[in-house]
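Examination of the molecular architecture
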Amino acid sequence: MRIDIISVAPDLLESPFNHSIVKRAQEKGLVKIVLHDLRAYGLGNYKQIDDTQFGGGAGMVLMIEPISNCIRALQAQRVYDEIIYMTPDAKTLNQSTANRLSLKGNILILTGHYKGVDQRIRDKFITKEISIGNYVLTGGELAAAVLVDAVVRLIPGVIGDEQSALTDSFQDNLLSPPVYTRPAEFEGMKVPDILLSGNFPKIEDWRNEKAYERTQNIRPDLLEDN
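The sections below set out a description of the structure shown in this document. (Residues numbered from 1 in each chain as written. Predicted model: local features only at pLDDT ≥ 70, side-chain atom pairs only at ≥ 80, totals over all residues. Heavy atoms only, no water.)

1. Side note on the sheet that holds strand β1 (residues 2-7)
What counts is decided by this rule: DSSP calls a pair of strands paired once it identifies at least 2 bridges connecting them. We count a stretch as a helix when DSSP gives it H or I for four or more residues in a row; a strand needs E for two or more, and each element gets its number in order from the N terminus. Between N-to-C directions, angles span 0 to 180 degrees; the directions come from axes that are lines fitted to C-alpha atoms, helices contributing only their stretch in contact.
The parallel open sheet is built from five strands, whose spatial order is β2-β1-β6-β5-β7. Taken across any chain shown, the strands that pair with only one partner, and hence form the sheet edges, are β2 (32-37) and β7 (128-130). Each strand axis lies, on average, 20 degrees off the axis of its neighbour in the sheet, ignoring direction. Summarising the sheet, β1 and strand β6 (residues 106-111) pair through five bridges and their orientation is parallel. Paired with I5 across the bridge in β6 is I109.

2. A look at the nonpolar core
Note that soluble globular proteins tend to have their nonpolar side chains buried in a common cluster. Which entries qualify depends on this criterion: Here, nonpolar core means buried Ala, Val, Leu, Ile, Met, Phe, Trp, Tyr and Cys residues that are tied together by side-chain atoms lying within 4.5 Å of each other. When a residue's accessible area, from a 1.4 Å probe over protein chains only, is under 20% of the maximum for its type it is buried; when over 50% it is exposed; and in between it is partly exposed. What makes two residues a contact is simply this: any of their non-hydrogen atoms within 4.5 Å.
I3 and I109 are the most contacted members of the largest nonpolar core, which totals 28 residues. Every element with two or more residues in this core is listed here: β1, α1 (20-27), β5 (82-86), α3 (95-101), β6 and α5 (141-152). No other element matches the eight residues that α5 contributes to this core. Excluding residues that lie within four positions of it along the chain, I3 makes contacts with V31, K32, I33, V34, I107, I109, V148 and V152. If you look at the next biggest cluster of nonpolar residues, it comprises 18 residues, including V8, C70, I71 and V117.

3. Quick word on unusual backbone geometry
Cis geometry is adopted by the peptide bond preceding P183, which originates at R182 and carries an omega value of 5 degrees. By secondary structure assignment, the location of P183 is in the loop between α6 (162-166) and β8 (185-186). Despite not being glycine, K47 shows a phi value in the positive range, around 50 degrees. On the secondary structure map, K47 appears in the loop between β2 and β3 (50-52). Even without a glycine there, the phi angle at Y114 is positive, about 55 degrees. Along the polypeptide, Y114 turns up in the loop between β6 and α4 (119-124).

4. Notes on the side chain of S102
Mapped onto the elements, S102 comes out in the loop between α3 and β6. Here S102 is in contact with M1, V151, L154 and I155, once residues within four sequence places are set aside.

Here you go:
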């Protein structure tokens, strides 16, 4: 997979992509992440990328020409399966979306800034819009990092035990069950006997039951989607 990201502040993304699982995925050659500074496509001597909005109002808007020029330059090099705009006014990222995106070959992500991008960019180029929650960040860089992390960890070979990703929360619209490790007893708190029994069919039943209970208590809305 190749992921290109267009950003006003690409330096914000250096650290998230140079640690842990995403770093190892790149070292294995399973994914290539390339950052593009939108200012390189800015207009005039000052590399302008934003302007006031038509109709008045507070806040600046990312201009259409720099973004258009950048996207077209990248499209001249490869075909993108998705061109994604990270924005709070979109459908919220969920596990099924991450699953589908992990099967793609080339993805281009545009991060917003200020009051967002000229609507004509969204109308002309964007194939999918994604939010990571009902709140506003300074820019879309951190949201893009969340999306990339959620997607890259699902690529075959990235996680040593691929079954681990398949049993995460939300894979079946259920939260994960409680998990325990050594010691079997800590300050009087014991690991449930079933997990020490070695009876794996019964352990699986217990985990399914606890996953359903936890989802019903914390996120009953997920069960409505089943």
